[in-house]
Structures are given as structure tokens and as C-alpha cells.
Amino acid sequence: MAGTELHVDVDGRTLKISNLDKVLYPRTGTTKGEVLHYYAQIAPTLLPHLADRAVTRIRWPHGVQDGSFFEKNAPSGTPSWVRTVKVPSTGSRSGKGDTELVFPIVDDLATLTWLVNLAALELHVHQWTVGRNGRPRHADRLVIDLDPGEPAGLHECCQVALLVRDRLAERDLDCRPVLSGSKGLHLYADLPKRLPSDESTALAKEVAEELQRAHPSQVTATMTKAKRGGKVFLDWSQNAGSKTTISPYSLRGRERPYVAAPVSWDEVAEGAEDPLGLEQLTFPEVLERVEEHGDLFA
């Protein structure tokens, strides 16, 4: 029954799980129980990429056909055993100066299961981690989000991703491609030393603007949506300290249960050659790939 509640033991924590039969993806009939099962299966691969990162969630309490909301702060009723971190947030809009947000850190299966039971389908993280003192550190990686403007699609993103890879390689940065689970691709590069977020943002913007100058018919570094038609927007802004990007292996709240899925550069090259060479991946496909290839984001 939709209203059924279960008490389950997860790593020594007793959790109340509800509404396992609720359909969260009507197009595919995917239920909350199946979503919980996916996250339990992918947890050994996912959790290292969430480690020490504050997590912003997007929740769909009534399924992806209905409304969603962003949640940064740990909600009321958060179990006492959930690790949290206080992050300064400029409250200039309210005129109250600096405020603090209290984010959960997802470093175990129990915390992950608790959040997913709240219909938190999407898990978004910053490019910085939390130190032993519980405070945010500088960024340890750089991300560039390749967002296609119609009629451009994933095929064009793959072509541009190869250009971005080369520009980053010129700076001795090795990047890894991840399907966004939406329309495009994300490219991540580990930084040889931690950088303040304004410096990592400036670096990503520099790469984006170089490629915009070199390939103006393919690439734009300009946020204005009206200027994206037929081009791939290189979103450098997600390196800002307050910005987040969907975590690799997180589900997306799309029509189908797509995943932000790491892929190989060979697959990206195939997608650049063939318009049908690479497609967004659903969670059963991602589980099969992890079983076969391991963690391509490792």
C-alpha cells in the first residue's frame, strides 16, 4: 500500500521508510522503492564522491511530474547522528548581513537512505570540501558544465568537450567527462593545489572565453540564453563558492530516471563522431556499467 511504513536497519541505524510503492517517475513507472534500491546499490561508488561535501537536495515529494524544491539546510527532524556543517551565506537580500546555512554531509548509507526517503532524488555538491575543523576549505576541483542550446544537443557537447579537454591539458589539468543526466556533459578536473573559489572560477572562465574566441560558431561563454542557439554554453560559474553541481551517480528529476553518469573519453569521441553515438543513461544502465567497468570517475 502507498501509505505503508517500514522500520529498517541501515548500518546500525533504525530508519522509518515510507510509501515504497509511490510512483516517482510516471513515464517509466519507477517507484520510490526502486529509487531507494538504486541508491543502496550505487552507494559504495557514490559515497566517496560525496565525502566531506555539503549536499544540496532537490526533492520531488509527489514525483517528477509535480513540483520540486531546493533544500540546503538540514530539515527539521534531522536525526542527531547526521553529520552537518555550518556554511556562511551572505544574507544581503534580507539586509541582515552574514547568516549561516546548516548542510548535511552524506558520508554513510544511513544518511543517504534517510535523504532519499524524503524524495531527495538529486544530490548537488560544491567543488570544495569540509575540513577537519568543520569549515569549508578551498576548491579541490574545477568543473565546466557543457549546456547545449537548441538545436545543438549531446553530439555537439561531445565535440566541444574534446576542445575543452585539450585546453585544460595545456594547463596540466586532466579532466573526466560525466553525462549530466539532462542535456549535456560535465567536465571535472582535480586541481594540483586547492584554490579560492574566485580563482578556480576565473580559471574556468578563461578556458571558456578562449574557446568562445577560437570557435565562435560552436561555443559561447555568455550566460544570456538568447545567445546560446545552436551553440554549447560553457558554464564556468559553477565553481563559485556558493554554487553546486549534480553529483556523479545522482539521479535526475527528469521524465525518465536518468543519472549523472561518468563515461570514458572513447565514448565521448564516439559521440562527437556519431549524433547517436552517446545518450544519457538510466539507473539500470549505470548499475550494469559499474558492475562491468567499475567507477569511471575514480
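Up top is the structure.
Summary of the structure given here. Just so it is clear, the model here is predicted, and its values are computed rather than measured.

### Side note on the overall build of the protein
Okay, so step 1: On a plain count of helices and strands, the protein comes out with six helices and 18 strands.
Okay, so step 2: Based on the C-alpha atoms only, the size of the protein along its principal axes is roughly 55 × 45 × 35 Å.
Okay, so step 3: Restricting the contact set of the protein to residue pairs at least 6 apart, pairs at least 24 apart contribute 66%.
Okay, so step 4: If you sum the accessible surface of the protein, you get close to 13900 Å²; carbon and sulfur atoms cover 48% of it.
Okay, so step 5: Between the centroid of the 35 positive side chains of the protein and the centroid of its 41 negative side chains there is a distance of 8 Å.

### Quick notes on the packing of helix α3 (residues 154-169) against helix α4 (residues 197-214)
Okay, so step 1: Between α3 and α4, the least distance of the axes is 10 Å, while the angle of their chain directions is 125°. On the basis of the axis angle, α3 is oblique to α4. For the pair α3 and α4, the crossing hand works out as right-handed. Counted together, L163, V164, R167 and L168 of α3 and V207, E210, L211 and A214 of α4 form the full contact between these two elements.
Okay, so step 2: Classifying every residue of the contact of α3 with α4 gives six nonpolar, no polar and two charged.

### Brief notes about empty space enclosed by the protein
Okay, so step 1: For the coordinates displayed, the defined rule picks out one cavity of 30 Å³ or more.
Okay, so step 2: Quantified by volume, the largest cavity comes out at close to 70 Å³.
Okay, so step 3: In this structure, the largest cavity is lined by Y249, A261, P262, L281, V286, R289, V290, G294 and L296.
Okay, so step 4: Ranked by the residues each element gives to the lining of the largest cavity, the list is headed by helix α6 (residues 283-293), at three residues.
Okay, so step 5: For the lining of the largest cavity, the residue count by class is seven nonpolar, one polar and one charged.

### Side note on the state of the cysteines
Okay, so step 1: With the rule as written, the count across this model stands at zero disulfides.
Okay, so step 2: Among the cysteines around C157, which has no disulfide bond, C158 carries the closest sulfur, lying 7.0 Å off.
Okay, so step 3: Judged by its relative accessible area of 0%, C158 falls in the buried class.

### Looking at the layout of surface pockets
With a probe scaled to a water molecule rolled over the atoms, the places where space remains empty come into view.
Okay, so step 1: Here the largest pocket defines a volume of roughly 610 Å³.
Okay, so step 2: The wall of the largest pocket is formed by 26 residues, among which D145, D147, D235, Q238 and R252 lie closest to the centre.
Okay, so step 3: Contributing elements (two or more residues each) for the lining of the largest pocket: β9 (120-125), β11 (136-148), β15 (232-235) and β16 (245-246).
Okay, so step 4: The greatest single-element share of the lining of the largest pocket, amounting to four residues, is contributed by β11.
Okay, so step 5: Along the lines of polarity and charge, the residues of the lining of the largest pocket split into seven nonpolar, nine polar and 10 charged.
Okay, so step 6: Residue-level mapping places the lining of the largest pocket at the junction of two domains, with at least three residues from each of domain 1 (5-136) and domain 2 (138-293).

Cut-offs and rules
- Residues numbered from 1 in each chain as written.
- Predicted model: local features only at pLDDT ≥ 70, side-chain atom pairs only at ≥ 80, totals over all residues.
- Heavy atoms only, no water.
- Helix = DSSP H or I, 4+ residues; strand = E, 2+ residues; numbered from the N terminus.
- Contact = heavy atoms within 4.5 Å.
- Areas by Shrake-Rupley, 256 points an atom, 1.4 Å probe, with all protein chains shown as cover.
- Lys, Arg positive; Asp, Glu negative; His and termini not counted.
- Charge placed at Lys NZ, Arg CZ, Asp CG, Glu CD.
- Axes fitted to C-alpha atoms, helices over the stretch in contact; angles between N-to-C directions.
- Parallel < 35°, antiparallel > 145°, perpendicular 65-115°, else oblique.
- Left-handed = near helix turned anticlockwise from the far one by under 90°.
- Nonpolar A, V, L, I, M, F, W, Y, C, P; charged D, E, K, R; others polar.
- 1 Å grid on protein atoms, 1.4 Å probe; cavity = no way out; pocket = protein on both sides within 12 Å on 5 of 7 lines; lining within 4 Å.
- Points joined across faces, edges and corners; volume = space filled by probe spheres on them.
- Disulfide = S-S within 2.5 Å.
- Buried < 20%, exposed > 50% of the residue type's maximum accessible area, 1.4 Å probe, protein only.
- Domains from an automatic or database assignment.

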